[in-house]
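Chain by chain, the residues:
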Amino acid sequence: KCLAVFASGTGSNFEAIVTACEQGKIPAETVALVCDKPSARVVERASRHGVKSFTFDPKSFASKVEMETVIADFLDENGVDLVCLAGYMRIISDTLLSRYDGKIINIHPSLLPAFPGARAVEQAMEYGVKVFGVTIHYVDRTVDGGRIIAQRAVPYEGNDIDELFGLIHAVEHELYPETIARLLSV
Ligand code: GRF
């Protein structure tokens, strides 16, 4: 099976997925990184692992339809079976969703449906929750609202956001590869 990872930032989840593939823990190969920020750190990680990068500047396309058509064509050409969003900071819309229906999953740093959106961890901390967490879900036309595949709780009662991000990331780096492996083996 062939995976593509979409990411816009640091790429620690990208790294965890690629490494799990290399170690045979995920029965697949990461064939491509798709990245909308050519200067993101994740691009470096891809080249270090010999994973092809497809980077682009969203402003270079006339419309989102055109952008997603080009991305979907790229995925087709590379025989991608599953798309894993890992810190990809763009909403996926109809063009890509209809061509990769049921084949796009995302990782989100909260126990959905609580705290959807881009500032989930900060908002959960501001709210004062004592159990944070991570969710892997299918991507649909809603924001962070698709069917849940896996969740794991991260209990934390302190007030150091960096420490909390560290705990959440550690759980993400286990849960995402595990969940991908499980999805691919059914
Ligand atoms: C992760 O916390 C993920 O849950 C969220 O974006 C972050 C990406 O981190 N969607 P990284 O780039 O994989 O380190």
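Look up: the structure comes first, before these words.
Quick summary incoming for the structure in this document. (Residues numbered from 1 in each chain as written. Predicted model: local features only at pLDDT ≥ 70, side-chain atom pairs only at ≥ 80, totals over all residues. Heavy atoms only, no water.)

**Considering the overall build of the protein chain**
In terms of helices and strands, the protein chain carries six helices and seven strands. Secondary structure elements of the protein chain, listed N to C terminal, follow the sequence β-α-β-α-β-α-β-α-β-α-β-β-α. The principal-axis extents of the C-alpha atoms in the protein chain amount to approximately 45 × 40 × 35 Å. Relative to its full complement of 186 residues, the protein chain shows a buried share of 50%. (Helix = DSSP H or I, 4+ residues; strand = E, 2+ residues; numbered from the N terminus. Buried < 20%, exposed > 50% of the residue type's maximum accessible area, 1.4 Å probe, protein only.)

**Things to note about the environment of Thr 19**
Locating Thr 19 in the fold gives a position in helix α1 (residues 12-22). Residue classification places Thr 19 among the partly exposed residues on the basis of a relative accessible area of 22%. Spatially, the C-alpha atoms of Thr 19 and Glu 29 are 10.0 Å apart, while their sequence positions differ by 10 residues. A polar contact of 2.7 Å, which involves the side chain of Thr 19, links it to the backbone oxygen of Glu 15. (Polar contact = N/O pair within 3.5 Å; in protein donor to acceptor, adjacent residues only side chain to side chain.)

**Re the pattern of salt bridges**
Counting across every chain of the model gives eight salt bridges. Across the salt bridge formed by Glu 15 and Arg 45, the nearest N and O atoms sit 2.9 Å from each other. A residue pair is termed long-range when its members are at least 10 positions apart, and Glu 15 in helix α1 and Arg 45 in helix α2 (residues 41-48) qualify at 30 residues. The same class applies to Glu 15 and to Arg 45, which are both buried. Close ionic contact of Arg 99 with Asp 73 constitutes a salt bridge, the shortest N to O distance being 2.8 Å. Here the residue Arg 99 occupies a position in helix α4 (residues 94-99), and Asp 73 occupies one in helix α3 (residues 64-77), the gap between them amounting to 26 residues. In this structure Arg 99 comes out as partly exposed when scored by relative accessible area, which is 33%. (Salt bridge = Lys/Arg side-chain N within 4 Å of Asp/Glu carboxyl O.)

**With respect to the pairing of strand β5 (residues 104-108)**
For β5, the buried fraction is high: five of the five residues fall into the buried class. Burial of β5 is two-sided: the residues Ile 104, Asn 106 and His 108 facing one way and the residues Ile 105 and Ile 107 facing the other way are all buried. With three bridges connecting them, strand β4 (residues 82-85) and β5 associate as parallel partners. Considered in β5, the bridge of Cys 84 is made with Ile 105. (Pairing = 2+ DSSP bridges.)

**Let's talk about helix α5 (residues 120-127)**
Residues separated by three or four positions in an α-helix point in the same direction, a consequence of the helix having 3.6 residues per turn. Within α5, burial applies to Ala 120, Val 121, Ala 124 and Met 125. The buried residues of α5 occupy one face: seen down the axis, they fall within an arc of 130°. Facing away from the buried side of α5 by over 90 degrees, the exposed positions are Glu 126 and Tyr 127. Of the surrounding elements, those touching the buried residues of α5 are β5, β6 (131-138) and α6 (161-184). Looking one or two residues beyond α5, the residue adopting positive phi is Gly 128, at roughly 90°. (Arc of directions from axis to C-beta. Contact = heavy atoms within 4.5 Å.)

**Focus on the sheet that holds strand β1 (residues 2-6)**
Judged by pairing direction, the sheet is mixed, and its seven strands sit side by side in the order β3-β2-β1-β4-β5-β6-β7 without closing on themselves. Each having just a single partner strand, β3 (52-55) and β7 (148-155) make up the two edges of the open sheet. Recorded for the sheet is a direction-independent mean angle of 20° between the axes of neighbouring strands. Pairing analysis gives four bridges linking β5 to β6, with the strands arranged antiparallel. (Axes fitted to C-alpha atoms, helices over the stretch in contact; angles between N-to-C directions.)

So far we have only geometry, and geometry alone does not tell us how the molecule works.
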